[in-house]
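# Structural overview
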Amino acid sequence: MAEKTFVTVHVPATTANLGPGFDCLGLALDLWNEVTVSLEGQGINIEIQGEGQETLAKDDSNLIFQAFSLAARKFGVDIPKGISIVCRNRIPISSGLGSSSSAIIAGLIAARSLFSLNMSDQQLLEIGLELEGHADNIAACLLGGLVIVIKDGEALITQKIKINHILATIALPQVQLSTRQARKVLPDQYSRQDAVFNIGRTAALISALISGDYTYLRSSMEDRIHQPYRLGLIPGAQAALDAAYEAGALGAALSGAGPSLIAFHSTADNRILIEMQKSFDQEKIPVRLFSTSTIDAGAYIK
Ligand code: HSE
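This is a predicted model, so every value here is computed, not measured.

## A look at the pairing of strand β1 (residues 6-16)
Most of β1 is tucked away: ten of the eleven residues are buried. Bridging between β1 and strand β11 (residues 300-301) involves two bridges; their strand directions are antiparallel. For H10, the partnering residue across the bridge sits in β11 and is Y300.

Structure follows, in structure tokens:
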């Protein structure tokens, strides 16, 4: 039987933290990139359509290629002399919507499939963690739905939680904010009160998402670990979160490290989108808005 020479991987956007679950909660969103990796030609050929087509690396520093080759090396496979990668991207870059995690997961799944690697999902995530540094986005991208991720020594433990489907509005202000910058502003230590504040809310948030009872979603998405330090880096962000609530959002938070914001709602409602837009308009910050929803599916091959 001929060996497989190409594969197309579909990878979802993800939102991490959801307010209090810093570095521990990730949630997949119904917004997808498609990545086709083919073992053909000579050298590395990378074509990018859509998001990041002007800015993403098209040489061996490309994150999909980095993940692909790291997986191959870990399993003792020689990198073939010709590799083509074609990306059809819908996930905005550097936005807090997990675009780098989607690239890493696409590269790792492509390598697992094309080289028939005996790599479990857990091993795949542990390799991904080496490239990403935190596991919330990569875990939700791979597994879909709501994922809780913790570390036990070097081992990653993930738990996918079945939740009710919920609609989401994303506001992505055009503000340059890398995850690195957004992590740098965080303190090294927190008070016991702040720890208790977040622990209780993380538990309440997961319970609300499982049950579909969103009565206390707003207070469950408050946070004292990262948002108070990050929101000030994004002009208009706090006002936009307040505006989302005014317009009827059930819960709202910074998406991952930002600069995107995510607001959840149970019925299709443009008011949230319009009011969030107005907040950024007042700061004269251009903003992109997306309507999406949570999705139970994670990365898949088709
Ligand atoms: N948990 C990470 C952070 C997610 O907040 O820094 C980065 O998207």
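## Describing the site of the ligand
Close contacts around the ligand come from A16, N17, F22, D23, H134, D136, N137, T179, R183, R230, G256 and A257, and that covers them all. Within the contact set of the ligand, an oxygen atom lies 3.2 Å away from a side-chain nitrogen or oxygen of N137. Side-chain polar atom of R230 to an oxygen atom of the ligand: 2.8 Å apart, as the coordinates give it. Elements with a minimum of two residues in the shell around the ligand: α4 (136-143) and α5 (179-184). In terms of residue class, the shell around the ligand is made up of three nonpolar, five polar and four charged.

## What to know about the side chain of T14
Of note, T14 is situated in strand β1. The contacts of T14, once residues within four sequence positions are left out, are L27, A28, L29, G96, L97, G98, N137, A140, C141 and S255.

Each value, and the rule that gives it
Going along each chain's sequence as written, the residues are numbered from 1 onward. The predicted origin of the model limits local features to residues at a pLDDT of at least 70 and limits the giving and counting of side-chain atom pairs to 80 or more, whereas totals for whole chains, interfaces and linings rest on all residues. The basis for the side-chain values is all heavy atoms of the structure; hydrogens and waters are excluded. Accessible area is worked out with a 1.4 Å probe on protein chains only. A residue is then buried under 20% of its type maximum, exposed over 50%, and partly exposed in between. Numbering of helices and strands starts at the N terminus; helices are DSSP runs of H or I of at least 4 residues and strands are runs of E of at least 2. A pair of strands is considered paired only if DSSP assigns at least 2 bridges between the two. Near is defined per residue: the residue qualifies when any heavy atom it owns lies within 4 Å of the molecule or strand. What qualifies as a polar contact is a pair of N or O atoms within 3.5 Å, subject to a donor-acceptor requirement within protein and to the restriction that residues adjacent in sequence count only when both atoms come from side chains. Residue classes follow a fixed rule: Ala, Val, Leu, Ile, Met, Phe, Trp, Tyr, Cys and Pro count as nonpolar, while Asp, Glu, Lys and Arg count as charged, and any other residue, Gly among them, counts as polar. Residues are treated as being in contact if the distance between any of their heavy atoms lies within 4.5 Å.

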